[in-house]
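Architecture and fold: a report
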Amino acid sequence: METPGTNLPIRFIPAIAVAAAVAACDPGTPAAQQPAAAELPVPSAVLDALGPGERLNFQCSEIMLGAAPGEDGESVRLTYSGQRLELPRTDAATGTRYADGEGNELLIKDAETAVLLLSGDSRRECVRSDRPSPWDRAADSGVTYRAVGQEPGWVVEVTANEGGDPPSLTAHLDYGQQLVEVLELQREGESFSGTTATGTAVALAVEQRECADAMSGERFPTAATLTVAGEEYLGCGAWLSMD
């Protein structure tokens, strides 16, 4: 039997438990709130925010892709390798998906990434790019036809001049070391010919068939043969306008 004044054992209660008990008894103390998760941009809004003439630029493996909203607001206009493709918006579990019945598809996952599938080809992962495609730049500048080739690298552009004047040709040969200009071209079907200011004969023959770049494998709708002073340059290209 314990005598009066005998000290009973003291049990120490952790401070955190005391604080929790006090908080539970105080109805005026609000519960701690977790910060709201940051909202990710809606993929479709990425296109909707573009102004007239603007496009998103993506690098999809070897393909530089341009994407702009269609006039109806429910489609996307794609430009790649000098070609154009319009795809309607379709249902998607995540992201914004555009696809047709021929195996072409673009899935915009977020503001920076997408997936491109072209008919008969494999899927390509795409990332946003600050650089527009040279094919889009050429089309925006009024170039009618453009072709490129390798070993040595070259590029040729044909521009339809205003006012009914003959088209002109500009070519950069040997990795840009040689410039060739023809101010007045004669056109016969899908071929062009003319002479430079110094009298050098130049001809560009275009053949409507699928053509793959010798280095990158990028596919184009036409094959091109550029002949300068009897020397041939083989490559691939595309019509950038319907003129």
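Remember, predicted model here, so these are calculated numbers, not experimental data. (Residues numbered from 1 in each chain as written. Predicted model: local features only at pLDDT ≥ 70, side-chain atom pairs only at ≥ 80, totals over all residues. Heavy atoms only, no water.)

Let's talk about the sheet that holds strand β5 (residues 96–99)
The line we're drawing: Pairing between strands is defined by DSSP: at least two bridges between the two strands are required. Segments assigned H or I by DSSP are reported as helices when at least four residues long, segments assigned E as strands when at least two residues long, and all are numbered from the N terminus. Interaxial angles span 0 to 180 degrees and are taken between N-to-C directions of axes, which are lines fitted to C-alpha atoms, for helices over the stretch in contact.
Strand order in the closed barrel made by the 8 strands is β1-β2-β3-β4-β5-β6-β7-β8, with antiparallel pairing throughout. In this sheet, adjacent strand axes meet at a mean angle of 30 degrees when their direction is disregarded. Examined bridge by bridge, strand β3 (residues 75–80) and strand β4 (residues 83–90) share 6 bridges and lie antiparallel to one another. Looking across to β4, one finds that arginine 77 is bridged to glutamate 86.

Thoughts on the environment of threonine 200
Here is the rule: Burial here depends on accessible area, computed with a 1.4 Å probe over protein chains only, as a share of the maximum for the residue type. Under 20% is buried, over 50% is exposed, and the range in between is partly exposed. Only heavy atoms matter for contacts: two residues are in contact if any of them lie within 4.5 Å across the pair.
Positionally, threonine 200 belongs in the loop between β14 (191–195) and β15 (201–207). For threonine 200, a relative accessible area of 25% corresponds to the partly exposed category. Placed 20 residues apart in sequence, threonine 200 and valine 180 show a C-alpha to C-alpha distance of 9.0 Å. Dropping the residues within four chain positions of it, threonine 200 is found in contact with Gly194, Thr195, Val228 and Ala229.

Some remarks on the state of the cysteines
Our working definition: Disulfide assignment relies on a single distance test, namely cysteine sulfur atoms paired within 2.5 Å.
Under the criterion given, the structure shown has 2 disulfides. With its sulfur 1.9 Å from that of its partner, cysteine 211 forms a disulfide with cysteine 236. Taking the sign of the S-S torsion, about -60 degrees here, the bridge from cysteine 211 to cysteine 236 comes out left-handed. In this pair, cysteine 211 is assigned in strand β16 (residues 211–212) and cysteine 236 in strand β19 (residues 231–239), connecting sequence segments 25 residues apart.

So, the sheet that holds strand β9 (residues 143–149)
An order of β12-β11-β10-β9-β19-β18-β15-β14-β13 is seen for the 9 strands of this open sheet, with the pairing classed as antiparallel. At either margin of the open sheet sits one strand with a lone partner, and together these are β12 (178–182) and β13 (186–188). Going from strand to strand, the sheet's axes swing by 20 degrees on average, the running direction of each strand aside. Inspection of the sheet shows β13 paired to β14 by 3 bridges, in the antiparallel sense. Paired with arginine 187 across the strands is phenylalanine 192, a residue of β14.

Thoughts on the nonpolar core
Rules: The set of buried Ala, Val, Leu, Ile, Met, Phe, Trp, Tyr and Cys residues whose side-chain atoms join them within 4.5 Å is what this entry labels a nonpolar core.
Ranked by size, the top nonpolar core spans 22 residues in total, and within it Leu78 and Leu106 carry the most contacts. Only α2 (43–48), β1 (56–60), β2 (63–69), β3, β4, β6 (105–108) and β7 (113–117) provide two or more residues apiece to this core. Filtering out sequence-adjacent residues up to four positions away, leucine 106 remains in contact with Leu65, Ala67, Val76, Leu78, Leu87, Thr96, Arg97, Tyr98, Ala114, Val115 and Leu116. In this structure, Tyr145, Ala147, Val156 and Val180 belong to the second largest nonpolar core, which totals 20 residues.

Description of the side chain of arginine 146
Quick note on the threshold: Pairs of N or O atoms are called polar contacts if they sit within 3.5 Å, as long as, within protein, a hydrogen donor faces a hydrogen acceptor (for residues adjacent in sequence, only side-chain-to-side-chain pairs).
Along the chain, the position of arginine 146 falls in strand β9. When its relative accessible area of 9% is taken as the criterion, arginine 146 is described as buried. Within the local environment of arginine 146, its side chain forms a polar contact with the side chain of glutamate 157, the two groups lying 3.0 Å apart. Each residue touching arginine 146, except ones within four places of it in the same chain, is listed here: Pro134, Trp135, Ala138, Val155, Val156, Glu157, Cys236, Gly237, Ala238 and Leu240.

Description of the pattern of salt bridges
Under the convention used in this document: What counts as a salt bridge is simple: a side-chain nitrogen of Lys or Arg found within 4 Å of a carboxyl oxygen of Asp or Glu.
On inspection of all chains with the given rule, the structure shows 14 salt bridges. Two residues, arginine 123 and glutamate 105, come together in a salt bridge whose shortest N-O distance is 3.8 Å. Residue arginine 123 is found in the loop between β7 and β8 (124–128), and its partner glutamate 105 is found in strand β6; the two are separated by 18 residues along the sequence. The exposure class assigned to glutamate 105 is buried, which follows from its relative accessible area of 10%. Among the salt bridges present, the one from lysine 109 reaches glutamate 125, with a minimum N-O distance of 3.3 Å. Residue lysine 109 is located in the loop between β6 and β7, and its partner glutamate 125 is located in strand β8; the two are separated by 16 residues in the primary sequence. Take lysine 109: its relative accessible area is 37%, and that puts it in the partly exposed class. For glutamate 125, a relative accessible area of 54% translates into the label exposed. Beyond isolated ion pairs, a larger network of salt bridges with shared partners links Glu62, Asp121, Arg124, Glu210 and Arg219.

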